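Structure at a glance
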Amino acid sequence: MLKTQAKKGLVNGRIAWNKKENLSYASMIAYGFSAKFISKKTGLTTGQIYHRNFLKGISPKTYRDGNNRQAQMVVLKLKIV
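Everything in this summary refers to the structure shown in the same document. In this text, all values refer to a predicted model and were calculated from it rather than measured experimentally.

**As for the packing of aromatic side chains**
What the rule picks out here adds up to two aromatic pairs. Ring centres of Phe-33 and Phe-37 lie 4.8 Å apart, and the angle between their planes is 20°; on these two criteria the pair is classed as stacked. There is no split in this pair, since Phe-33 and Phe-37 are both buried. Positioned above the aromatic ring of Trp-17 is the side chain of Lys-56, whose terminal nitrogen or guanidinium carbon lies 4.4 Å from the ring centre.

**Some remarks on the nonpolar core**
Counting residues in hydrophobic clusters, the biggest one holds 12 residues: Tyr-25, Met-28, Ile-29, Phe-33, Ala-35, Phe-37, Ile-38, Leu-44, Ile-49, Ala-71, Val-74 and Val-75. Elements that contribute at least two residues to this core include exactly helix H2 (20–30), helix H3 (35–42) and helix H5 (69–78).

So, how was this worked out
Residues numbered from 1 in each chain as written. Predicted model: local features only at pLDDT ≥ 70, side-chain atom pairs only at ≥ 80, totals over all residues. Heavy atoms only, no water. Phe/Tyr/Trp six-rings, centres within 6.5 Å; stacked < 30°, edge-to-face > 60°. Buried < 20%, exposed > 50% of the residue type's maximum accessible area, 1.4 Å probe, protein only. Lys NZ or Arg CZ within 6 Å of the ring centre and 35° of its normal. Core = buried A, V, L, I, M, F, W, Y, C linked by side-chain atoms within 4.5 Å. Helix = DSSP H or I, 4+ residues; strand = E, 2+ residues; numbered from the N terminus.

Next up, the structure:
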């Protein structure tokens, strides 16, 4: 198990908050994107997203699915993978 975690860049099973997908997650959750939308854009599972929210004490807003104009502008500015 430790070898798998090491391959993913994890230290003692902790989340590497400086990785690109985690930085993108943090930006998108701050804008109120849903876990499902963040999952599609970052490659994280919804479970990983909810776990990160729990660790940060964040309650996700699920009203924004990324389809409206404002949300699309935010995604373009973030230059997500």
